[in-house]
Amino acid sequence: MAPVSVSVWEDDVIQVQRKDEQRPGSRRRGGGGFLWLLDLVSGWRSYSTSNCLQTAAPFNQVSTCPAPIEGPAPQNNMMLTLISSNKCCGGFQKVFEHDSSELKCKMKFAVYLPPKAESDKCPVLYWLSGLTCTEQNFITKAGAQQAAAEQGIIVVAPDTSPRGCNIEGEDENWDFGTGAGFYVNATEDPWKKNYRMYDYVTEELPQLINSNFPTIPDKMSVSGHSMGGHGALVCALRNPGKYKSVSAFAPICNPMQCAWGQKAFTGYLGNDKSTWEAYDATVLAASYAGPLLDVLVDQGRDDQFLSSSQLLPDNLIAACAEKKIPLVFRLQPGYDHSFFFIFSFIGDHIKHHAKYLNA
């Protein structure tokens, strides 16, 4: 039997080919025991030509072939397992799982690939979800895919915390532990080994996305909701110039001054409040000295967490005004903290980011 190689195509089927065959419309290069194939999702990838199975298989059975072992993609040698794929707004909404080196556990993330990604590289918008969410909430409730398809933007939505780490107490509270990573790098036991969501979303995940999908690496923006809005603002303010724009829905703006933030920061970072400042958007805005950062924040006026002083947007508004950071803050009458609120205005946020990502 002639050596075979595997290539992932847009129909989510692993196509197995003889080394001397080529699918019409594909491109190939290389040799010497490896076959390089250009697929529409991952770019050039190298596979061994000697030990792949000569059978077609669904993409979620990708373990029938070894991961790419050399070449520019993936640069970090991380294996992706496809969990689901659905045609949506002309593109594909996919969910993948991988072993995270930063969090020391398996992590899932969702990625929406707009139609443009089939033929060209695209900018990326990272979405950070709120307390109790997984990667599923945003992709099934927010309705962002239509606007992302129109603007040609890849949208990546990770989970909100490590999972299954067998840490005592990690599942006891809805606002701390599982589903509540708060996008910090924990420094306290027993959380510091796994709860490193800040480095995961700012370093490991972008490297993984850029290695495996047709992205423009220097064109990315960040957005989020509630705890994720806090995360988005912190990521942008701590990394001047890294993100082209930032937006948030009902963000926790000043976590050092609210019950949610105080609980999370004490547990993850300890009692020294000076260490909390690196994860507080209001504090970071007050000392921001980077390039122009255009900030859009939507807040529901009937949000129960606004009235209970968990969100504290006035503090962020004051800090941004003092530092002359452009902030558009929209208080939306009648809206609460739910995904109905996000669904209503997500199109505006995608357009906000498109101004900078597509410039």
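Heads up: the structure comes first, above all this text.
Owing to the predicted nature of the structure, the values given are computational and were not obtained by experimental measurement.

What counts as what
Counting from 1, residues in each chain are numbered in the order their sequence is written. A pLDDT threshold of at least 70 governs which residues receive local features in this predicted model, and a stricter bar of 80 or more applies before side-chain atom pairs are shown or counted, although totals over entire chains, interfaces and linings include all residues. Computation of side-chain values: all heavy atoms of the structure, hydrogens and water removed. Put simply, DSSP marks the helices as runs of H or I at least four residues long and the strands as runs of E at least two long, and each gets a number from the N terminus on. Accessible area is worked out with a 1.4 Å probe on protein chains only. A residue is then buried under 20% of its type maximum, exposed over 50%, and partly exposed in between. We call two residues contacting when some pair of their heavy atoms lies within 4.5 Å. The Shrake-Rupley method, run with a 1.4 Å probe, gives the accessible areas here. Residue values count only the displayed protein chains as cover. For two strands to count as paired, DSSP must find a minimum of two bridges between them. Between N-to-C directions, angles span 0 to 180 degrees; the directions come from axes that are lines fitted to C-alpha atoms, helices contributing only their stretch in contact.

**Considering the overall build of the protein**
At step 1: Across its full length, the protein holds 9 helices and 15 strands.
At step 2: The buried share among the 359 residues of the protein stands at 55%.
At step 3: In the protein, of all internal contacts separated by at least 6 residues, the share reaching a separation of at least 24 is 67%.
At step 4: In the form shown here, the protein has an accessible surface area of approximately 14,600 Å², with 50% of it arising from carbon and sulfur atoms.

**Regarding the sheet that holds strand S13 (residues 246-249)**
At step 1: What the 9 strands build is an open sheet, ordered S7-S8-S9-S11-S10-S12-S13-S14-S15; its pairing is mixed. In this open sheet, the two edge strands, each paired with only one partner strand, are strand S7 (81-88) and strand S15 (327-332). Averaged over all neighbouring strand pairs, the angle between strand axes comes to 20°, with direction disregarded.
At step 2: By the bridge criterion, 6 bridges tie strand S10 (residues 122-128) to strand S12 (residues 215-225) in an arrangement that is parallel. Each residue of the ladder has a partner; that of Val 124, found in S12, is Met 220.
At step 3: Contacting strand S8 (91-100), strand S9 (105-113), S10, strand S11 (154-158) and S12, helix H3 (residues 197-212) crosses the sheet at an angle of about 120° to S8.

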